Amino acid sequence: MNALIHASFGVSDFWTFLLGTIFIVLLPGPNSLYVLSVAAQRGVRAGYRGACGIFVGDLVLMVLSAGGMAALLKSNAGLFYAVKYVGAAYLGWIGIQMLLHCLKMLKTRQVVVAAKELPVQAGDPFAKALIISLMNPKAILFFISFFIQFVDPEFHAPLLSYYLLGLICQLSSFTYLTLIIFAGARLAESFRQRRRLSAAMSGGVGAMFIGFGLKLATATL
């Protein structure tokens, strides 16, 4: 099968790529944490809206990588740092907003009894997840540096190779995010009935987002 995929799509060492993609998708990051928190606090539908934002964002990054955007960021330090700091600031802003809401929930005595009364993740999950996915120049560099290792440079249609690799990456992401969404939905009822548990979830994820922002702000080319 490996030889057939290489001959038909120009992909070298398919099984190594698949295994590597699975491990990379499983690594915790702002995308998966955001989808988990949305699903836990607003349900399956909102979780999938967030997941769709991640899919679209990743697709845009893959297209940009195939089109040479990663090379542009590598060669233009000013552009790279501008995108990097904007992304870091946005992740930090999300984290601060979640921490502020955590404090607000701890101060109030009202017990939340319905999903619509739990505005920890206010706003459109799709739009916010899309921006979270796009605001990371390191992701662009990752896609091209990882994908290019498995594309045969002598294959007559390299875009077809990128298409197959991107499809595999998206399917892996969809499977993982689906598990996260339903796991989060199972926690939803507990969060609705236990204010402190919900506040702890919001505060913990908020702190992680601030950490992601700081990590991105200190990233180098």
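- If you look the protein chain up in an unreviewed UniProt entry, it shows as Leucine efflux protein LeuE from Undibacterium rivi.
- Taken directly from UniProt, the Sequence similarities (unreviewed entry) text for the protein chain runs: "Belongs to the Rht family."
- UniProt's Subcellular location (unreviewed entry) comment on the protein chain is quoted here verbatim: "Cell membrane".

### What about the packing of helix H3 (residues 30-42) against helix H4 (residues 44-66)?
And then number 1: Following both chains from N to C, one finds H3 and H4 inclined at 160 degrees, their axes separated by 7 Å at the closest point. Classified by the angle their axes make, H3 and H4 are roughly antiparallel. For the element pair H3 and H4, the recorded crossing hand is right-handed. Facing H3, whose interface residues are Asn31, Val35, Val38, Ala39 and Arg42, H4 presents Val44, Ala46, Gly47, Gly50, Ala51, Ile54 and Asp58.
And then number 2: For the contact of H3 with H4, the class distribution of residues is seven nonpolar, three polar and two charged.

### With respect to the packing of H4 against helix H7 (residues 125-134)
Angle between the axes and distance between the axes: these two values describe a pair of packed helices.
And then number 1: Relative to each other, H4 and H7 sit at 35 degrees, their axes nearing to 7 Å. The way H4 lies across H7 gives a crossing that is right-handed. Counted together, Ala46, Arg49, Gly50, Cys52, Gly53, Ile54, Val56, Gly57, Asp58, Val60 and Leu61 of H4 and Pro125, Phe126, Ala129, Leu130, Ser133 and Leu134 of H7 form the full contact between these two elements.
And then number 2: Its residues placed into classes, the contact of H4 with H7 shows eleven nonpolar, four polar and two charged.

### Some words on the side chain of Ser172
And then number 1: Topologically, Ser172 is positioned in helix H9 (residues 158-193).
And then number 2: For Ser172, the side chain forms a polar contact with the main-chain oxygen of Ile168, separated by 2.9 Å.
And then number 3: Excluding residues that lie within four positions of it along the chain, Ser172 makes contacts with Thr21, Ile22 and Val25.

Calculation criteria
Residues numbered from 1 in each chain as written. Predicted model: local features only at pLDDT ≥ 70, side-chain atom pairs only at ≥ 80, totals over all residues. Heavy atoms only, no water. UniProt positions renumbered as here; feature names shortened; annotations may be inferred. Axes fitted to C-alpha atoms, helices over the stretch in contact; angles between N-to-C directions. Helix = DSSP H or I, 4+ residues; strand = E, 2+ residues; numbered from the N terminus. Parallel < 35°, antiparallel > 145°, perpendicular 65-115°, else oblique. Left-handed = near helix turned anticlockwise from the far one by under 90°. Contact = heavy atoms within 4.5 Å. Nonpolar A, V, L, I, M, F, W, Y, C, P; charged D, E, K, R; others polar. Polar contact = N/O pair within 3.5 Å; in protein donor to acceptor, adjacent residues only side chain to side chain.

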